[in-house]
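Single-letter residue listing:
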Amino acid sequence: MGTTVFERRRPPASVVEHSLAETEHRVFWLDDLSDDAKRPRPRLSGERVATLAIVGGGYTGLWSAALAKRRNPEARVVLLEAKSIGWAASGRNGGFCEASLTHGRENGMSRWPEEMPTLERLGLENLDAIEAAEAEFGMDFEFERNGALSLAVEPHQVAWLREEVAAASARGDESVRFLDEADVRAEVDSPTYLAAAWDTRGSAILHPAKLAAELARVAEELGVEIFEHSPVRRIDTPGSTGAVTLVTDRGWVLAQRAVLATNVFPSLLKRNRLMTVPVYDYALMTEPLTAEQLASIGWSNRQGLGDLANQFHYYRLSRDNRVLFGGYDAVYHYGRRVREQYEHRPESYERLAAHFFTTFPQLEGLRFSHQWAGAIDTSTRFCAFFGTARDDRIAYAAGFTGLGVAATRFAAEVMLDRLEQRDNERTRLRMVRERPLPFPPEPAAAIGINATRWSLDRADHTEGRRNVLLKTLDALGLGFDS
């Protein structure tokens, strides 16, 4: 097999060791919140009666709460969070806010080709609505719609980019531009870059934890009751009442309808227990770049960046010009477990640091202030699925597979539509009505996922050529996204 650019240009071990010497294992985005945004909410105690009860205090649940109150200001909405608002994926992701609802055009075209014009339009409208929310609700989550660069760092990837840009132009989309090596290095200067496609319309960056905190603040101002440290242990739906009872350790909520927004965590519905797997993703955050350091790499247009490998890197600038650098490793642990101990993986942070200085050797000497990890809820179709249960009293969405920052808002609209039994453009989508195939139970899940990860790594070393396993999974519409 061949080698990748990150193997051919690996920096000295001393550079990596120096960069990580004082790194704290903490989530930068959560550290960066104001004291008011971090203020604790009460635990649920006793009984509450609600029109709508929501389980989960991440983006999916928070958008559901805010949009439910906007639809019906008189509704009594109660949100229950097992820990604190935005502590999981919503507070620790990379902050890439993408228009795509299907984890990229290629994935959507392979599944719902006839719906892609509608899905792409709805995705852009959804991204527009998130951008407008800052002014509409008086929010500040550091939204920057600067577009994204898809980067070729190996020769065979250049042709992929040319095909992507040509296909966009053929369908009348002039928002995607091809950049040759000189052009892309004029935007962001890395010796690893051979070409890029710049999507100027469908991508933004934001502050993940501030989005969660601001959504919680707005929801409360609209009248939503939020309870933290109130894990829901059981859902009861007695047939005679038409209601839903959510039971916690110290109380319960009796609601007309419920939204389940637990994503990566075990579903409260048995039918969804095998529908997702938790995959751990790792990230580093640098200290703020000096003016001279920033000038050495350019990046004046502040786009989000990502390379085209199966095991890819994503990176972006923060408001104070730190660089978040994440991705590459995607680790599944036997038994679908979500454990804090899985976040401590020194080899992943060392690998990321090495790849960072391969990408930007001119930043040698820079230190990383933060390192952290989080679990991604992965589905076999790589994007969210939706449904209802218990005589349409409960709606759910899960399986965002790492591209959910924007898609969670769309999911909230879908779930509210389904609970209100609306027949509209969203609910008629085949993408919304269909369920993906589940992952198999253990030990087949671990065997299959790890074999797929090995195959994806092999493809990165063989000019993108996919082996029999990957081709078979492609043909079946199954897979595991790194």
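Above this note sits the structure.
Here the residue numbers are simple positions, counted from 1 along each chain's written sequence. Reporting of local features is limited, given that this is a predicted model, to residues whose pLDDT is at least 70; pairs of side-chain atoms are given and counted only at 80 or more, and all residues count toward the totals for whole chains, interfaces and linings. Hydrogens and water are ignored here; the side-chain numbers use all heavy atoms of the structure.

Enquirer: An account of helix α2 (residues 13-20) is needed here, citing residue identities and associated values.
Expert: Only protein chains enter the accessibility calculation, which uses a 1.4 Å probe; a residue whose area is less than 20% of its type maximum is buried, one above 50% is exposed, and one in between is partly exposed. Here a helix means four or more residues in a row that DSSP labels H or I, a strand means two or more in a row labelled E, and each is numbered from the N terminus. Among all positions of α2, only Val15, Val16, Ser19 and Leu20 are buried. One side of α2 carries all its buried residues, which in axial view fall inside an arc of 120°. Those residues of α2 that are exposed and aimed more than 90 degrees away from the buried face are Ala13 and Glu17. Any two residues whose heavy atoms approach within 4.5 Å at even a single point are treated as in contact. The elements touched by buried residues of α2 are β13 (277-286), α12 (346-359) and β17 (368-378). The directions from the helix axis to the C-beta atoms form the arc being described.

Enquirer: Pulling in residues and values, what's your account of a nonpolar patch on the surface?
Expert: A surface patch of nonpolar side chains, amounting to about 250 Å² of accessible area, comprises Val49, Trp252 and Leu254. Among the secondary structure elements, Leu254 is positioned in strand β12 (residues 251-260). Within this analysis, patches are made of residues with over 30% relative accessible area and no salt bridge. Like charges are joined at 9 Å or less; nonpolar side chains (Val, Leu, Ile, Met, Phe, Trp, Tyr) at 5 Å or less. In short, Shrake-Rupley with a 1.4 Å probe defines the accessible areas, and a residue's cover is counted only from the protein chains shown. For salt bridges, the criterion is a side-chain nitrogen of Lys or Arg within 4 Å of an Asp or Glu carboxyl oxygen.

Enquirer: Break down the pairing of β13 for me, with residues and values.
Expert: The buried count for β13 comes to ten of ten residues, which makes it a mostly enclosed element. Burial of β13 is two-sided: the residues Val277, Val279, Asp281, Ala283 and Met285 facing one way and the residues Pro278, Tyr280, Tyr282, Leu284 and Thr286 facing the other way are all buried. Two strands pair if DSSP finds at least two bridges between them. Of the strand pairs in this sheet, β13 and β17 are connected by ten bridges, and their pairing is antiparallel. Its bridge partner lying in β17, Asp281 is registered against Gly374. Pairing of β13 with strand β16 (residues 323-332) involves six bridges; the strand directions are antiparallel. Along β16, the bridge assignment pairs Leu284 with Phe325.

Enquirer: Please give an account of the sheet that holds β13 that cites residues and values.
Expert: Strand order across the open sheet formed by nine strands is β1-β17-β13-β16-β15-β14-β5-β7-β6, with mixed pairing between neighbours. The sheet terminates laterally at β1 (24-25) and β6 (176-179), the two strands that pair on one side only. Relative to β16, strand β15 (residues 313-317) runs antiparallel, the two being bridged by five bridges. What sits directly across from Tyr314, in β16, is Gly326. Every angle, taken between N-to-C directions, lies between 0 and 180 degrees, and every axis is a line fitted to C-alpha atoms, over only the stretch in contact when it is a helix. The strands touched by α12 are β1, β13, β15, β16 and β17; relative to β16, the strand with the most contacts, the crossing angle is about 135°.

Enquirer: Can you tell me about empty space enclosed by the protein, naming the residues and giving the values?
Expert: Using only the protein atoms, space was sampled on a 1 Å grid; points where a 1.4 Å probe fits but cannot get out form cavities, open sets with protein on both sides within 12 Å along at least five of seven lines form pockets, and lining residues are those with an atom within 4 Å of a point. Grid points are joined across faces, edges and corners, and a volume is the space filled by probe spheres set on the points. Considering all chains together, one arrives at two cavities of 30 Å³ or more under this definition. By volume, the largest cavity amounts to about 110 Å³. Surrounding the largest cavity, 13 residues form its lining, Thr4, Phe6, Ala309, Gln311 and Asp460 being those nearest its centre. Residue composition of the lining of the largest cavity, grouped by class: four nonpolar, six polar and three charged. Taken as a whole, the second largest cavity encloses approximately 60 Å³ of empty space. Of the residues belonging to the lining of the second largest cavity, the class tally is nine nonpolar, one polar and no charged. In this classification, Asp, Glu, Lys and Arg are treated as charged, Ala, Val, Leu, Ile, Met, Phe, Trp, Tyr, Cys and Pro as nonpolar, and every other residue, Gly included, as polar.

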